[in-house]
Every structure is written in structure tokens, then in C-alpha cells.
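One letter stands for each residue in the lines below.
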Amino acid sequence: MSIPRDFIELLLARIDLVDFIGQLVPLKKKTGSNYFARCPFHQEKSASFSVSQTKQFYYCFGCGAHGNAIDFLMNHDHLSFPEAVENLARTANMEVPRTNNAPAPKKDDSLPALYELTQQVSAYFYEHMCNSTRAIDYLKKRGITGNIAKQFQIGYAPNGWSHALDKFGLTELDKKKLLDTGLIIKKDEGGYYDRFRDRIMFPILDHRGRIIGFGGRVLGEGEPKYLNSPETPIFQKGHELYGLFQGLKANRELKRVMIVEGYLDVIALFQHGITYAVATLGTATTPHHLQRLFRYTNELIFCFDGDNAGRTAAWRALQVIFPLMHDSLQVRFLFLPDGEDPDSLVHKEGKEAFEKRIDTSLSLSDFFFQSIAQQADMNTMEGRARFASLALNHIKQLPPSLFHNMMLDALAKRARIDVTTLKSDKKIPDATTAPAPEKIKLPAPLQLAAALLLQAPTLAQNLEPLPDYTLPGYAFLIRLINQLKAKASLTAGALLELFRGSDDEALITQCLQFDHCVPDEKIEVAFQGAMRQVHALGMDQGIQALMAKAAQSSLSEEERQALTQSIAKRKALPA
């Protein structure tokens with residue numbers, strides 16, 4: 001954590017969650033301090049998305065989405081934690097400080113100017129496309145409509161060595177910006193020339209809609225057929241995906257993403273209503289690509305040509321995804337007929353027929369076992385042993401999970417080997433040994449007490465020091481009370497942030513989602529009653545433990561006195 005927690009607390013205190021979310025989602029007040037709307041994170045007809053003004057916490061009763069203002073930004077805009085904090089800080093006109101052990105990277109003031117330049121150059125290319133009969137004829141020939149060309153900002157870089165240079169490189173500083181964005185190339189003998197000449201231009205947008213680079217397809221003869229921007233301060237091709245921004249804009253929720261190979265594949269699919277395709281930018285799929293996509297969807301379809309080159313590319317993608325697999329992820333491989341690509345095929349058969357191909361495509365496991373089986377004779381014991389050995393070398397890369405175990409079971413059936421034999425292989429960690437995190441079930445009075453504290457943090461101020469009990473979740477209640485005593489101004493949303501990443505985060509969330517139905521004017525009385533019940537449960541547990549011990553063996557004098565005192569205190573406890 002390079003951002004100090006004190007700053008995050010102050011930031012969350014500055015932001016009113018109702019006002020903040022209300023700018024993006026139309027909220028209506030219904031009960032008490034709660035506001036409701038249709039959830040922005042899933043499709044629904046009723047208003048199940050609740051925002052609490054007092055708790056500074058949101059929760060959807062439909063899909064379970066929940067959190068504070070930082071969580072909302074992370075989920076709504078698909079940002080990382082630091083990105084969300086930075087954006088929220090800008091909203092509050094605050095500067096994000098950093099801790100000494102993790103200083104902030106040096107701020108590059110030139111980046112906004114580079115984004116502004118790429119936007120201007122994109123508009124320049126688009127204008128030239130609109131005035132070029134040759135470029136328009138090419139786009140029409142490829143079946144691209146004017147609306148789609150405008151939506152994807154498709155342009156044309158005119159033929160010549162210095163059109164962009166002459167237009168945008170008036171000063172040495174301007175030339176440096178053009179060089180920094182890869183739009184011009186420096187000559188060995190001095191001077192510069194345009195990188196993109198006589199090419200259809202495809203602006204590459206990041207997930208926030210900023211133009212970070214370009215891809216250009218040559219018109220007529222020439223090599224290379226496709227030319228991309230080089231790596232620049234704002235463009236790293238192994239991290240970015242063409243069409244992702246347009247897909248996010250067109251879909252409230254990306255239920256699936258299809259990964260294809262080219263710009264025109266994405267555009268043709270989009271034009272036919274398949275608005276969830278993205279393309280890698282002249283590189284194979286990388287872990288960075290996949291981790292970005294995991295922010296938006298749990299279903300990936302890799303689309304390749306059906307020839308040997310396509311199968312080889314699919315196998316490389318499979319090897320990249322294996323170490324990143326998790327149980328909620330579904331991966332499929334779609335291989336197209338010979339001589340077809342998504343662009344040509346969707347124009348021939350339309351959306352419905354193309355999507356039927358997706359539904360009947362190969363699952364990751366089927367493609368994996370098919371590919372391995374081609375390297376072994378499955379009709380002999382020697383071949384099946386080779387098959388099992390080759391498969392195990394890859395399965396061991398899977399993280400411990402249900403899918404890991406299921407792949408071992410499937411391998412055992414195909415190789416006709418007992419699964420325990422496979423699991424005993426030292427190359428394979430037994431996924432069943434990975435302990436699942438234990439979920440604590442809070443006793444009802446303790447859950448009510450914690451939920452009321454989160455709604456009215458000042459209740460903690462007048463509490464006497466609490467005795468030691470061994471109730472489930474009691475240590476969590478003590479930690480919560482201690483935090484509120486130390487900082488009475490903390491909201492529930494700020495507490496959620498304080499406990500982020502700790503074992504208590506799930507318990508905080510559980511209590512925040514608990515609907516106690518206690519009206520505001522009765523919260524203090526209800527809290528006192530809940531705490532009396534907590535004390536009663538704790539005392540009963542202690543008494544029962546001592547009495548159970550007495551039934552098995554004699555108690556010490558100290559234990560007998562403790563039992564007598566506990567029984568007396570329990571009787572004196574108000575009902």
C-alpha cells in the first residue's frame with residue numbers, strides 16, 4: 001500500500017457517497033437515509049441497488065455488489081485500486097500523497113499533451129478519409145458503413161512524407177511530441193518523416209477512451225500490410241486491446257469477450273451486432289491482456305483460423321491462460337473454416353449463424369486434451385503413459401482449484417489410470433489440500449451489535465472495557481469497538497477501507513449487508529439489548545465449559561470460585 005491510510009480515510013470523509021453515485025446513477029430516496037436505483041452492475045427491472053447515506057456504503061440485493069466510493073469506481077469504471085483513489089482524489093480536489101517506502105513515480109507532465117496530440121491527429125486522419133474517394137471506396141469494399149467508420153474514428157493518412165509533420169510539427173517541441181507518440185521517424189542524416197503514409201488508419205483507444213496509438217493498413221501494394229505505432233510512453237502493445245473501449249461503451253455488462261486477430265475483424269463483428277470482440281495488436285495474447293479482461297468478464301472465446309497456424313496460436317494462448325485459470329472462468333476456442341476470418345465469415349452468414357459457432361466451439365479442456373492426444377497413440381499403454389505425462393506437465397501449472405481436480409479426473413479417464421496415481425505424482429500439487437477460507441457465522445446478537453455500531457459509530461464511545469469471551473467473531477467485535485473509540489468520526493465506508501485485505505473485511509461486509517430493521521430513534525436501545533445478549537452468551541459459554549469439566553474431573557479452588565461468580569453475574573444480568 002503506497003497510499004497512506006490516513007489520506008484514504010480523509011478522502012472518503014470528503015466524498016458523500018449518495019452525491020457521488022447520484023451523478024452516475026439516478027437515485028431515489030425511499031426509506032430513512034437509504035436511496036435506491038436499478039443496479040449499474042447487472043441487468044434488472046426493479047430497483048435493488050441501495051446506497052446508505054449514514055453508512056456511506058452501497059449494496060445490491062440482486063447481484064451482491066457492495067462497497068464504498070472506491071469500490072464503486074473500481075467496479076463501475078473498471079479501475080485498479082490506485083487508479084480509483086487517484087480519480088476520487090481529483091473529484092475532491094486533493095493530491096494523493098505516498099509513503100516513504102513506496103514513492104510515487106515521477107509525474108510526467110508531458111503525457112496529457114501526448115493524448116491531446118493523438119486526438120488531434122486522429123481527427124485530421126478522419127477528415128482526410130471523408131475527403132478521399134480512394135479511402136471511402138476501400139472501406140465500402142470491406143463492407144464498412146459511414147456510421148461504423150465514425151464510431152471507430154477510422155481515418156486515412158495521405159500519401160506523402162510529411163503531411164502530419166507539416167501540420168503538427170511547427171516547433172521543435174511539437175516535433176518531439178510527434179516523435180514521442182511514434183507518428184514521425186527521425187532520419188539518420190537529420191530531419192523527420194511521417195511513419196504512416198497512404199494507409200487506412202485505426203486509432204487505438206485505451207479502456208478510458210484516450211487515443212494511445214494507431215494501426216495503419218496500406219492501400220494498394222506495399223509492406224508491411226499492417227503497421228502499428230511503436231512502444232511509446234502512452235502505448236504498450238502487450239497491455240492494450242483494440243475495440244475494448246467500444247465494447248465497454250456498447251454493453252452495460254460484458255458477459256463474454258471474443259479475442260480475434262485484426263482491426264477489421266473487430267469492426268465487422270461490431271457492425272453485425274457482435275459488440276464484444278477485441279483484437280491483440282500485432283502480438284500474441286499476454287497475461288496483461290488476460291488480466292485486463294478478467295476485470296470485465298468471466299467468459300473468453302479465442303477465435304482463430306482452422307489451419308495449423310491457427311491451432312498453434314491457440315495452443316500458445318492456452319499456455320498463457322493456464323496459470324491464470326480460476327473456477328468462475330469459462331474459456332472456449334473457436335476455429336473458423338479454411339480461408340475464412342471473422343470479417344469475411346460474419347459478412348457471409350450474419351450474426352445468428354456466427355454466434356451459433358461460438359456456442360458449439362471447443363471448451364478449454366476439450367481443446368487441451370485433443371491437442372495432447374495428437375502427440376500420443378492412445379491405443380497402446382505406452383502411448384497413454386506418454387499422453388498422461390505430457391498432460392501432467394501442463395496441468396501442474398493450474399492454480400489449486402476445483403477445475404484443477406476436474407482436469408485430473410478427466411485425464412485419469414482418458415488415460416485409463418486411477419486418479420490417485422496421478423495425484424501421487426510429485427509433479428502435481430494436490431489441489432484438495434488447499435484450505436478454503438473459513439467463514440465465521442456470527443451469533444445473532446453479536447451480528448446485530450456490530451451492524452448497529454456500523455450505522456451509529458458513536459455508540460462505541462461510552463462502552464466499558466469488555467471481558468474476554470470465546471464466542472465466534474467476538475474478537476472481531478472488540479477490534480471494531482477499539483477502532484471506533486480511537487476514531488469516532490469513521491463511517492462504515494471508511495471502516496470497510498480500513499479493514500480491506502484483512503480477515504475482518506468479510507465480517508464488516510456481512511454486518512453492513514445485514515438488514516436489522518431497527519428505526520433510527522431506537523438504535524441505541526437496540527444496541528444495549530444486543531450487547532446484553534452478547535454478554536449472556538459469553539457467560540453461558542464460560543459456565544457450560546466449567547460445568548463440563550466438573551463432570552469429567554474435579555475443579556480447582558480457583559475454578560470453583562470462577563464458576564460461582566459467573567453464575568451470580570449471569571443471574572444479575574438484566575433480561
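Residues numbered from 1 in each chain as written. Predicted model: local features only at pLDDT ≥ 70, side-chain atom pairs only at ≥ 80, totals over all residues. Heavy atoms only, no water.

A. Inspection of the overall build of the chain at higher detail. Within the chain one finds 24 helices and 16 strands. With respect to the principal axes defined by its C-alpha atoms, the chain has extents near 100 × 70 × 50 Å. A total of 575 residues make up the chain; the buried ones form 49% of that total. Across the chain, contacts joining residues at least 24 apart in sequence account for 65% of those joining residues at least 6 apart. Carbon and sulfur atoms make up 51% of the accessible area of the chain, which totals about 29000 Å². (Helix = DSSP H or I, 4+ residues; strand = E, 2+ residues; numbered from the N terminus. Buried < 20%, exposed > 50% of the residue type's maximum accessible area, 1.4 Å probe, protein only. Contact = heavy atoms within 4.5 Å. Areas by Shrake-Rupley, 256 points an atom, 1.4 Å probe, with all protein chains shown as cover.)

B. Structural context of the pairing of strand β4 (residues 57-60). Taking every second residue as pointing to the same face, both faces of β4 are buried, with Phe57 and Tyr59 on one and Tyr58 and Cys60 on the other. Note that strand β3 (residues 49-52) and β4 share four bridges and pair antiparallel. Residue pairing for β4: Ser52 is matched across the bridge by Phe57. Adjacent in sequence and paired antiparallel, β3 and β4 are bridged by four residues, among which Gln56 carries a positive phi angle near 55 degrees. (Pairing = 2+ DSSP bridges.)

C. Summary view of the packing of aromatic side chains. Scanning all chains against the criterion turns up 29 aromatic pairs. Here the aromatic rings of Tyr226 and Tyr263 are separated by 6.1 Å at their centres, their planes lie at 40 degrees, and the arrangement is tilted. With Tyr226 in strand β11 (residues 226-228) and Tyr263 in helix α11 (residues 263-271), the pair connects residues that are 37 residues apart, well separated along the chain. We classify Tyr226 as partly exposed; its relative accessible area is 35%. Ring centres of Trp315 and Phe367 lie 6.4 Å apart, and the angle between their planes is 65 degrees; this geometry places the pair in the edge-to-face category. Of the two residues, Trp315 sits in helix α13 (residues 308-321) while Phe367 sits in helix α15 (residues 364-373), which places them 52 residues apart along the sequence. (Phe/Tyr/Trp six-rings, centres within 6.5 Å; stacked < 30°, edge-to-face > 60°.)

D. Structural detail: the sheet that holds strand β15 (residues 330-336). Read across the sheet, five strands follow the order β13-β12-β14-β15-β16 without closing on themselves; strand pairing throughout is mixed. Every other strand in the sheet has two partners, leaving β13 (277-279) and β16 (362-363) as the edge strands with one partner each. Both β15 and β16 contribute to a ladder of two bridges, which runs antiparallel. Counted as the bridge partner of Arg332 is Ser363 from β16.

E. Spatial organisation of helix α14 (residues 342-359). The end-to-end C-alpha distance of α14 is 15 Å, clearly below the 26 Å that 18 residues give at a rise of 1.5 Å each. Remark: the principal bend of α14, roughly 115 degrees, maps to Gly350. Those residues of α14 lying buried are Pro342, Asp343, Leu345, Val346, Gly350, Phe354 and Ile358. On the buried face of α14, the contacting elements are β12 (257-260), α11, β14 (299-305) and β15. (Expected span 1.5 Å × (residues − 1). Bend = angle between axes of the 7 residues up to and from the residue.)

F. Examining the pattern of salt bridges more closely. Following the criterion strictly, the structure yields 14 salt bridges and no others. In this structure, Arg142 engages Asp343 in a salt bridge whose closest nitrogen and oxygen atoms are separated by 2.6 Å. Here the residue Arg142 occupies a position in the loop between α6 (133-141) and α7 (146-151), and Asp343 occupies one in helix α14, the gap between them amounting to 201 residues. A residue is classified by how much of its surface remains accessible, and Arg142, at 25% relative accessible area, is partly exposed. The salt bridge involving Lys348 is made with Glu340; its shortest N-O contact spans 2.5 Å. Judged by relative accessible area, which is 61%, Lys348 ranks as exposed. (Salt bridge = Lys/Arg side-chain N within 4 Å of Asp/Glu carboxyl O.)

G. Structural detail: the sheet that holds strand β6 (residues 155-157). Ordered in space as β6-β9-β10-β11, the four strands form an open sheet in which the pairing is antiparallel. Two strands in the sheet have a free side with no partner beyond their single neighbour: β6 and β11. Strand-to-strand twist of the sheet, defined as the mean angle between neighbouring strand axes without regard to direction, takes the value 35 degrees. Against the sheet, α6 touches β6, β9 (199-205) and β10 (211-218), its axis set at about 70 degrees to β9. (Axes fitted to C-alpha atoms, helices over the stretch in contact; angles between N-to-C directions.)

H. Geometry of the nonpolar core. One finds Tyr242, Met258, Phe302, Phe333, Phe354 and Phe368 to be the most contacted residues of the largest nonpolar core, which totals 88 residues. Sequence-distant contacts of Tyr242, that is, excluding residues within four places in its chain, are made with Phe152, Phe202, Pro203, Ile204, Tyr263, Val266, Ile267, Ala277, Val278, Ala279 and Leu281. If you look at the next biggest cluster of nonpolar residues, it comprises 74 residues, including Tyr59, Leu79, Leu507 and Val534. (Core = buried A, V, L, I, M, F, W, Y, C linked by side-chain atoms within 4.5 Å.)

I. Examining the packing of helix α19 (residues 444-455) against helix α22 (residues 505-513) more closely. For the pair α19 and α22, the least separation of the axes is 8 Å and the interaxial angle reads 85 degrees. Here α19 lies roughly perpendicular to α22, going by the angle between them. Of the residues in α22, those in contact with Gln447, Ala450, Ala451 and Leu454 of α19 are Ile508, Gln510, Cys511 and Leu512. In terms of residue class, the contact of α19 with α22 is built from six nonpolar, two polar and no charged. (Parallel < 35°, antiparallel > 145°, perpendicular 65-115°, else oblique. Nonpolar A, V, L, I, M, F, W, Y, C, P; charged D, E, K, R; others polar.)

J. Examining unusual backbone geometry more closely. In the segment running from Glu223 into Pro224, the intervening peptide bond is cis, with an omega of -5 degrees. Its location among the elements puts Pro224 in the loop between β10 and β11. Positive phi outside glycine occurs at Asn93, with the angle close to 55 degrees. Mapped onto the elements, Asn93 comes out in the loop between α4 (81-91) and α5 (111-130). Positive phi values are uncommon outside glycine, yet Asp198 reaches one of about 50 degrees.

K. Highlighting the side chain of Ser371. For Ser371, the location among the structural elements is in helix α15. We classify Ser371 as buried; its relative accessible area is 13%. A polar side-chain atom of Ser371 sits 2.8 Å from the main-chain carbonyl oxygen of Phe367. (Polar contact = N/O pair within 3.5 Å; in protein donor to acceptor, adjacent residues only side chain to side chain.)

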